[in-house]
Amino acid sequence: NAGVTQTPKFQVLKTGQSMTLQCAQDMNHNSMYWYRQDPGMGLRLIYYSASEGTTDKGEVPNGYNVSRLNKREFSLRLESAAPSQTSVYFCASSEVQYTEAFFGQGTRLTVV
Amino acid sequence: TQLLEQSPQFLSIQEGENLTVYCNSSSVFSSLQWYRQEPGEGPVLLVTVVTGGEVKKLKRLTFQFGDARKDSSLHITAAQPGDTGLYLCAGYNAGGTSYGKLTFGQGTILTVHP
């Protein structure tokens with residue numbers, strides 16, 4: 001059982017480049033999330049999708065876009081990467097509210 | 001915006017000591033969760049508390065949800081080096097337009113020295 005799979009695991013971008021982080025879950029969960037984690041800090045919510053067909057902004061959405069492609073997949077796009085977006089990005093999913101959120105292994109992104 | 005304030009941010013103690021981590025908010029949460037994260041990994045759930053005043057125990061860990069569902073605490077008895085890690089509280093919004101939103105606190109980095 002793979003759980004939540006994120007790709008890629010590592011990425012280096014130049015300022016201004018674009019990229020898409022992929023996330024897929026095989027647990028038939030309704031809700032999916034994208035977080036970023038910076039050194040010494042907790043997880044900050046970028047965007048979330050409470051159910052297929054809906055997406056909403058979290059605490060730090062500027063510079064990002066998301067697509068809930070289907071129930072399994074939730075992608076995060078950086079249109080024009082900036083050094084401030086250097087971080088570790090985590091995708092997570094949960095069945096419904098109150099239930100456990102399962103996390104991927106994270107994507108370590110460096111923007112130079 | 002519903003914020004979760006976690007304290008302390010860092011905690012360094014000796015093996016055998018007790019400790020408490022706090023998670024506070026001015027907003028009501030429908031449920032609060034505690035996660036533990038190891039370096040290079042995603043967070044893993046320890047417990048979910050749903051009812052105001054609820055207390056849950058997991059071996060040497062005791063979790064409490066405040067009566068007003070605005071705060072929670074994690075107490076560890078007789079800490080061991082294996083307890084070292086990042087502890088995160090997280091809350092689900094109490095309905096409304098932000099249904100399904102899961103917000104995390106800043107985390108507490110716990111180091112337990114042998």
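Conventions and cut-offs
Residues numbered from 1 in each chain as written. Chains lettered and ligands numbered in written order. Predicted model: local features only at pLDDT ≥ 70, side-chain atom pairs only at ≥ 80, totals over all residues. Heavy atoms only, no water. Helix = DSSP H or I, 4+ residues; strand = E, 2+ residues; numbered from the N terminus. Rg over C-alpha atoms; globule rule 2.2 N^0.38 Å. Buried < 20%, exposed > 50% of the residue type's maximum accessible area, 1.4 Å probe, protein only. Contact = heavy atoms within 4.5 Å. Areas by Shrake-Rupley, 256 points an atom, 1.4 Å probe, with all protein chains shown as cover. Lys, Arg positive; Asp, Glu negative; His and termini not counted. Charge placed at Lys NZ, Arg CZ, Asp CG, Glu CD. Polar contact = N/O pair within 3.5 Å; in protein donor to acceptor, adjacent residues only side chain to side chain. Salt bridge = Lys/Arg side-chain N within 4 Å of Asp/Glu carboxyl O. Disulfide = S-S within 2.5 Å. Pairing = 2+ DSSP bridges. Axes fitted to C-alpha atoms, helices over the stretch in contact; angles between N-to-C directions. Core = buried A, V, L, I, M, F, W, Y, C linked by side-chain atoms within 4.5 Å.

1. Observations regarding the overall build of chain B
The helix and strand inventory of chain B stands at zero helices and eleven strands. The N-to-C order of helical and strand elements in chain B reads β-β-β-β-β-β-β-β-β-β-β. In terms of C-alpha radius of gyration, chain B reaches 14 Å, essentially the compact-globule figure of 13 Å for 114 residues. Across its three principal axes, chain B shows a C-alpha extent of roughly 45 × 30 × 20 Å. Counting across all 114 residues of chain B, residues that qualify as buried make up 49%.

2. So, the overall build of chain A
From N to C terminus, chain A includes zero helices and eleven strands. Element order for chain A, N to C, with α for helix and β for strand: β-β-β-β-β-β-β-β-β-β-β. Taking 2.2 N^0.38 as the reference for a compact globule, 112 residues should give roughly 13 Å; the C-alpha atoms of chain A span a radius of gyration of 13 Å, in line with that estimate. Principal-axis analysis of the C-alpha atoms places the extent of chain A at approximately 35 × 25 × 20 Å. Out of the 112 residues belonging to chain A, those deemed buried represent 47%. Looking at chain A alone, contacts between residues at least 24 apart form 54% of all its contacts between residues at least 6 apart. Carbon and sulfur atoms form 49% of the exposed surface of chain A, whose accessible area is close to 5,100 Å². Here chain A holds 10 positive side-chain charges and 9 negative ones, and the gap between their average locations is 9 Å.

3. What about the side chain of Gln25 of chain A?
Residue and element names in this part refer to chain A. Tracing the backbone shows Gln25 in strand β3 (residues 19-25). The exposure class assigned to Gln25 is buried, which follows from its relative accessible area of 1%. At 3.0 Å, the side chain of Gln25 forms a polar contact with the backbone nitrogen of Met27. A distance of 3.0 Å separates the side chain of Gln25 from the backbone oxygen of His29, its partner in a polar contact. Those residues in contact with Gln25 that lie beyond four places of it in its chain are Gly3, Val4, Met32, Arg68, Lys71, Arg72 and Ser93.

4. So, the pattern of salt bridges
Summed over the entire model, instances satisfying the criterion amount to six salt bridges over all chains. Connected through shared salt-bridge partners, Arg36, Asp38 and Arg44 of chain A make up one network.

5. Concerning the state of the cysteines
In protein chemistry, a disulfide is the covalent bond that joins the sulfur atoms of two cysteines. Inspection of the entire model under this criterion finds two disulfides over all chains. The disulfide bridge from Cys23 of chain A ends at Cys91 of chain A, spanning 1.8 Å between sulfur atoms. Handedness of the Cys23 of chain A-Cys91 of chain A disulfide follows from its S-S torsion of about -75 degrees: it is left-handed. You can see Cys23 of chain A sitting in strand β3 and its partner Cys91 of chain A sitting in strand β9 (residues 87-94), a full 68 residues away along the chain. No difference in accessibility class separates Cys23 of chain A from Cys91 of chain A, as the two residues are buried. Note that Cys23 of chain B is cross-linked by a disulfide to Cys89 of chain B, the S-S spacing being 2.1 Å.

6. Some words on the sheet that holds strand β8 (residues 74-78) of chain A
Residue and element names in this part refer to chain A. Taken in spatial order, the four strands line up as β1-β3-β8-β7 in an open sheet, and their pairing is antiparallel. Across the chains shown, the open sheet's two edge strands, defined by having one partner strand only, are β1 (4-7) and β7 (64-68). Adjacent strand axes in the sheet meet at a mean angle of 15 degrees, parallel and antiparallel pairs treated alike. Note: β1 against β3, four bridges, orientation antiparallel. In the sheet register, Gln6 faces β3, and the bridge partner there is Cys23.

7. As for the nonpolar core
By size, the foremost hydrophobic cluster in this structure holds 21 residues, and its most contacted members are Ile13, Leu19, Trp34, Leu74, Ile76 and Leu110 of chain B. Contributing elements (two or more residues each) for this core: β2 (10-14), β3 (19-24), β4 (29-37), β5 (44-49), β7 (61-65), β8 (71-76), β9 (85-93) and β11 (108-113) of chain B.

8. Focus: the pairing of strand β6 (residues 55-58) of chain B
Residues and elements named next belong to chain B. Here β6 pairs with β7 via four bridges, running antiparallel. Pairing of Lys57 across the sheet is with Thr62, part of β7. The turn linking β6 back onto β7 is made up of two residues, and Lys59 within it adopts a positive phi angle of 55 degrees.

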